[in-house]
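# Notes for the structure review
Below, each chain spelled out in residue letters.
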Amino acid sequence: MGLPREIFITPFEVWYAATGTAFPAVDATPGGSWTKIGTQGNLNYTEDGVTVSFEQDVATFMSAGSTGPVKASRMSNVIKVSFVMWDMSLEFAKFAINNNTVTDTAAVGATAGYRSIKLYQTPDVAQVALLVKGSVSAYGDSISSQFEFPIASPTGTTEMQFGKTSPAAIAIEFTVLNDPSAATEADRFGTFRMEDVD
C-alpha cells in the first residue's frame, strides 16, 4: 500500500461547467457538461500541482480585564483555486482572459482558418462551477476526493512568456463566490467530499 492513506501525494485536476450544473458523484468520472482544464489534464500542470487556499481575516478583541483576546470575529473568508498550466490552447488559456469566447473561423479558399479570442475584459467577471478532483482518499485505496465549488470566477493576474528555455505557462486562479441559491448558509462555498469504503 505504500505511504499511509492520509498522506496525499497525488495530483488533482480541475474541471469546469456552467453554474448550476450538478456535481458528479465522488466515485464517478466527470462527464456530460464537465470539461477538464488542460488538454491532458494534470499532465499540463506544473509540478506544484493545484492549490486550494483558505484565506481569512479574523479580528480579535480584548477586554479591560484580560491580557488576551476574549472574542474573535471573522471579517472575511476567501477560497481560491490556483495552478500553473502548460497549455496554450485557447479553450483553456481563456481563463486568463475572463473566460472570453473562443471563435473558430473556418478556412475560406486560400485564407487559413483560425481560432481567436478577444482580449478586452468587461467589468462583468465570468462565473463557472468548479470541480477539483483527485484519485486519493484518507479512507481507502483506489478511491477519490473532490472539492465542489458552485460558483467561481477567474481572478488572477498572469503573463505569457514565450522563449526557448521553458514552456509557455499560464497562471490560472479562481476565486470562489458566495452561492445565493445555496440550501443553507453552510453550503454557500461548496463542499469537500472524500470517498470512504463503509
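Heads up: these notes are all about the structure in this document. (Residues numbered from 1 in each chain as written. Predicted model: local features only at pLDDT ≥ 70, side-chain atom pairs only at ≥ 80, totals over all residues. Heavy atoms only, no water.)

Moving on to the pattern of salt bridges. Taken as a whole and assessed by the stated rule, the structure comprises seven salt bridges. Of the charged contacts in the structure, one is a salt bridge between Asp104 and Arg115, with a shortest N-O distance of 3.8 Å. On the criterion of sequence distance, the pair formed by Asp104 in strand E5 (residues 102-105) and Arg115 in strand E6 (residues 114-117) is long-range, its members being eleven residues apart. By relative accessible area, Asp104 is classed as exposed at 56%. In this structure, the salt-bridge partner of Glu148 is Arg193, at a minimum N-O distance of 2.7 Å. Pair noted here: Glu148 is in strand E8 (residues 145-154) and Arg193 is in strand E10 (residues 191-194), with a separation of 45 residues, a long-range link. Linked through salt bridges whose partners overlap, the residues forming this network are Glu91, Asp104 and Arg115. (Salt bridge = Lys/Arg side-chain N within 4 Å of Asp/Glu carboxyl O. Helix = DSSP H or I, 4+ residues; strand = E, 2+ residues; numbered from the N terminus. Buried < 20%, exposed > 50% of the residue type's maximum accessible area, 1.4 Å probe, protein only.)

The next subject is the side chain of Lys94. Among the secondary structure elements, Lys94 is positioned in the loop between helix H1 (90-93) and E5. For the buried Lys94, which has no salt bridge, the nearest side chain bearing the opposite charge is Glu91, at an N-O separation of 7.9 Å. Apart from the residues within four sequence positions on either side, Lys94 is in contact with Tyr16, Asn99, Asn100, Val102 and Ile117. (Lys, Arg positive; Asp, Glu negative; His and termini not counted. Contact = heavy atoms within 4.5 Å.)

The next subject is the pairing of strand E9 (residues 170-176). Of all seven residues in E9, five are buried; the element is thus mostly enclosed. Direction of pairing for strand E4 (residues 69-85) relative to E9: antiparallel, over a ladder of six bridges. When the bridges of E9 are listed, Ser82 appears paired with Glu173. Note that E8 and E9 share three bridges and pair antiparallel. For Ser153, the partnering residue across the bridge sits in E9 and is Thr175. (Pairing = 2+ DSSP bridges.)

As enumerated under the stated definition, the model contains six aromatic pairs in all. For the ring pair Phe147 and Phe149, a centre distance of 5.9 Å and an interplane angle of 15 degrees mean the geometry is stacked. Since its relative accessible area comes to 12%, Phe147 is described here as buried. The class of Phe149 is buried, set by a relative accessible area of 2%. Here the aromatic cluster, defined as three or more aromatic residues joined through ring pairs, consists of Tyr16, Phe95 and Phe174. (Phe/Tyr/Trp six-rings, centres within 6.5 Å; stacked < 30°, edge-to-face > 60°.)

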